[in-house]
Amino acid sequence: MEDAIVKLTSKEGETFDVPRKVAMMSKLVKDTFSDDDDEDDEEDETEVKEVPLPNVTAPVLKKVIEYCTHYQDEEMTPIQTPLKSGTLDELVQAWYANFVKVDRNMLFDLVAAANFMDIKPLLDLTCLAVSILIKGKSAQELRQMFNISAELSPEEQAEAQRENAVAE
């Protein structure tokens, strides 16, 4: 069973053959297997299982597989809180720090994939990278980063002023 292969299928339909041990880092995949095991007790254990991942694009899935594969050889040191530093290199091993040095959209997509696939160590790492990315940014910079409109309707402005009125 250790040599079993799992086929992970991306949103675009691209399929990746992944060792079962690597794929099982995802609680979503693990739960898919346990659901199947309940139904098919007599199933041939060497059969390749396919897991569709409709919320994960192929480039992001490649990165997720890269992470999970490396994790088998070198587990990421758990992230200690409160954070002792504001740089990734001082908080996790070098490979993991370099892994999340990607463009912002890829980083956000990795957060979403880690959440969807339920891979806690990857979610922790990507959220840490986002927190370091946004630390010290102004409200205007954050609005730009997350494509949030700064414009409020007259009703929203009036409500905000009421909520933030200073008692005299």
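Thresholds applied
Each chain carries its own residue numbering, running from 1 in the written order of its sequence. Reporting of local features is limited, given that this is a predicted model, to residues whose pLDDT is at least 70; pairs of side-chain atoms are given and counted only at 80 or more, and all residues count toward the totals for whole chains, interfaces and linings. Each side-chain value is worked out from all heavy atoms of the structure, with water and hydrogens disregarded. UniProt positions are given in the numbering used here, feature names are shortened, and annotations may be inferred rather than shown by experiment. Secondary structure elements follow DSSP: runs of H or I of four or more residues count as helices, runs of E of two or more count as strands, with numbering from the N terminus. We call a residue buried when its accessible area falls under 20% of the maximum for its residue type, exposed when it is over 50%, and partly exposed in between, using a 1.4 Å probe and counting protein chains only. By definition in these notes, contact holds between two residues if any of their heavy atoms fall within 4.5 Å. Here the accessible surface of atoms and residues is derived via Shrake-Rupley with a 1.4 Å probe, and residues count as covered only by protein chains that are part of the display. Both site types are read off a 1 Å grid over the protein atoms alone. A 1.4 Å probe that fits but cannot get out defines a cavity, while an open set with protein on both sides within 12 Å along at least five of seven lines defines a pocket; lining residues have an atom within 4 Å of a point. Grid points are joined across faces, edges and corners, and a volume is the space filled by probe spheres set on the points. Note on residue categories: nonpolar means Ala, Val, Leu, Ile, Met, Phe, Trp, Tyr, Cys or Pro, charged means Asp, Glu, Lys or Arg, and polar means any other residue, Gly included. When DSSP finds at least two bridges between two strands, those strands are taken to pair. Axis geometry follows a simple rule: fit a line to the C-alpha atoms, using only the stretch in contact for helices, then measure angles between N-to-C directions, giving values from 0 to 180 degrees. Working definition: a ring pair exists when centres of Phe, Tyr or Trp rings (six-membered ring for Trp) sit within 6.5 Å. Plane angles under 30 degrees give stacked, over 60 give edge-to-face, the rest tilted.

Per an unreviewed UniProt entry, the chain is named S-phase kinase-associated protein 1, and its organism is Fistulifera solaris. Heading Pathway (unreviewed entry) of the UniProt record for the chain holds this comment: "Protein modification; protein ubiquitination." According to the UniProt record, the Sequence similarities (unreviewed entry) comment for the chain reads "Belongs to the SKP1 family."

(A) Just the overall build of the chain, in detail. Across its full length, the chain holds 8 helices and 3 strands. Taken from N to C terminus, the helices and strands of the chain fall in the order β-β-α-α-β-α-α-α-α-α-α. Looking at the chain as a whole, 33% of its 168 residues are labelled buried. Of the contacts formed within the chain by residues at least 6 apart in sequence, a portion of 61% connects residues at least 24 apart. Of the roughly 10800 Å² that the chain leaves accessible, carbon and sulfur atoms contribute 49%.

(B) Representation of empty space enclosed by the protein within the structure. Under the criterion given, the structure shown has 1 cavity of 30 Å³ or more. Estimates place the volume of the largest cavity at around 40 Å³. Taken together, L8, V18, V22, A23, S26, V64, I65, C68, M117 and I119 form the lining of the largest cavity. For the lining of the largest cavity, the secondary-structure elements that each account for two or more residues are α1 (20-23) and α3 (58-73). A per-class count over the lining of the largest cavity returns 9 nonpolar, 1 polar and no charged.

(C) Here's a closer look at the sheet that holds strand β2 (residues 15-19). Pairing is mixed in the open sheet, where 3 strands are placed in the order β2-β1-β3. Two strands bound the open sheet, and with one partner strand each, they are β2 and β3 (49-52). For this sheet, the mean inter-axis angle between neighbouring strands, taken without regard to orientation, is 30°. Strand contacts of α3: β1 (5-9) and β2, with the helix running at about 10° to β2, the strand carrying the most contacts.

(D) Layout of the packing of aromatic side chains. Taken as a whole and judged by the stated rule, the model has 6 aromatic pairs. Where Y67 meets F99, the ring centres are 5.5 Å apart and the plane angle is 55°; that geometry is what we call tilted. Here the residue Y67 occupies a position in helix α3, and F99 occupies one in helix α4 (residues 94-99), the gap between them amounting to 32 residues. A residue is classified by how much of its surface remains accessible, and Y67, at 0% relative accessible area, is buried.

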